[in-house]
Structures are given as C-alpha cells and as structure tokens.
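Structure assessment
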Amino acid sequence: MAEETIFSKIIRREIPADVLYQDELVTAFRDIAPAAPTHILIVPNVLIPTVNQVEAEHEAALGRMLTVAAKIAKQEGIAEDGYRLIINCNRHGGQEVYHIHLHLVGGRPLGPMLAN
Ligand code: AMP
C-alpha cells in the first residue's frame, strides 16, 4: 500500500486548502506556493503515487482531471491566453508529493517548457 500524503488530508477536508472543485473522482485546489498568477493542482481522490502506477481502472479519474482543468482555466479567465498542464514523475521529473497531481499553471507567459 502506498503511503498517504498531505493531499489525501486535503481531499478529506481534514486540513485547510483553497478547494475550487470536488466531485466523486477528483479534487482541485490552489497550490500553496504558486509559480504563476494561476497555479492549481488537480488530483484524483484515490491515491495513485506516480504516473508509473497508473492502471486502466484509473482512466475515469485521469480523464476527469483534464475536463476539470479546462473548466477551471475558463473560470480563472486564462483559457484564451493559454496555460500549461504538468505532471511530474519521480526524481528526475521533480516530483515532491507522491500523489499524482496535474498542475494547471497560467496567468502570464510561461516561457520555454523546460528550465534547462
Ligand atoms: P510536485 O513537485 O509536482 O510534486 O508538486 C507538488 C506541489 O504541491 C508543489 O507545487 C507544492 O507547492 C504543492 N503543495 C505542497 N503542499 C501543499 C498544500 N498543503 N496545499 C497546496 N499545495 C501544496
């Protein structure tokens, strides 16, 4: 069994977070250390540690993450200018929290895709 992270506590509303959206499959909340004017994390409610653990049974939640990203981008007023969706995986990907999350980042030009 994978170990829970702080994101499971946010999903269960056990610790405070700026939750923008929640349904039976996913939860979306503002990143605590935003890298851009809009920085939102969209996570499956079930714990999947990294993309490496993704199975067919997760497809509904993973698909919902994209639907919710599009909806929130519109709500935040960044859909037309554009934004970036990022999922980091493991050490080389720079993953810090081992509960899959989709970063929705925008609100300014984001520059080249990779820092280096
Ligand atoms: P990653 O490096 O892809 O694992 O991203 C983890 C993200 O989670 C970082 O952008 C953190 O700022 C964010 N984060 C960590 N703890 C919290 C929290 N309690 N509430 C909201 N965002 C968080």
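Further up the page is the structure itself.
Now for a description of the structure that goes with this document. Since the structure is predicted, the reported quantities are computational estimates derived from the model, not experimental observations. (Residues numbered from 1 in each chain as written. Predicted model: local features only at pLDDT ≥ 70, side-chain atom pairs only at ≥ 80, totals over all residues. Heavy atoms only, no water.)

**A word on the environment of I42**
So the rule is basically this: Helix and strand definitions follow DSSP, with helices as H or I runs of at least four residues and strands as E runs of at least two, each counted in order from the N terminus. Type-normalised accessible area, obtained with a 1.4 Å probe on protein chains alone, sets the label of each residue: buried when under 20%, exposed when over 50%, and partly exposed for intermediate values. Contact criterion: two residues are considered in contact whenever any of their non-hydrogen atoms come within 4.5 Å of each other.
Topologically, I42 is positioned in strand β3 (residues 38-44). The class of I42 is buried, set by a relative accessible area of 0%. Residues I42 and V26, spaced 16 residues apart in sequence, show a C-alpha to C-alpha distance of 6.9 Å. Among all residues touching I42, those that are not within four sequence positions of it are T27, A28, M65, V68, A69, I100, H101, L102 and L104.

**Details of a nonpolar patch on the surface**
Stated formally: In this scheme, patches are assembled from residues that exceed 30% relative accessible area and form no salt bridge. Like charges are connected within 9 Å, while nonpolar side chains (Val, Leu, Ile, Met, Phe, Trp, Tyr) are connected within 5 Å. Surface accessibility in these figures is a Shrake-Rupley result with a 1.4 Å probe; residues are shielded only by whichever protein chains are displayed. When a carboxyl oxygen of Asp or Glu is within 4 Å of a side-chain nitrogen of Lys or Arg, the pair counts as a salt bridge.
Together, V51, V54 and I87 line one region of the surface with nonpolar side chains, adding up to about 200 Å² of accessible area. Along the chain, the position of V54 falls in the loop between β3 and α2 (59-76). V54 gets classed as partly exposed once you look at its relative accessible area, which sits at 32%.

**Some words on the nonpolar core**
For the record, the criterion: To form a nonpolar core, buried Ala, Val, Leu, Ile, Met, Phe, Trp, Tyr and Cys residues must be joined to one another through side-chain atoms within 4.5 Å.
A28, I40, I42, M65, V68, I72 and L104 are the most contacted members of the largest nonpolar core, which has 14 residues in total. Non-local contacts of V68, meaning those with residues more than four positions away in its chain, are made with Y21, V26, A28 and I42. Residues I10, F29, L41 and V43 belong to the second largest nonpolar core, which totals 6 residues.

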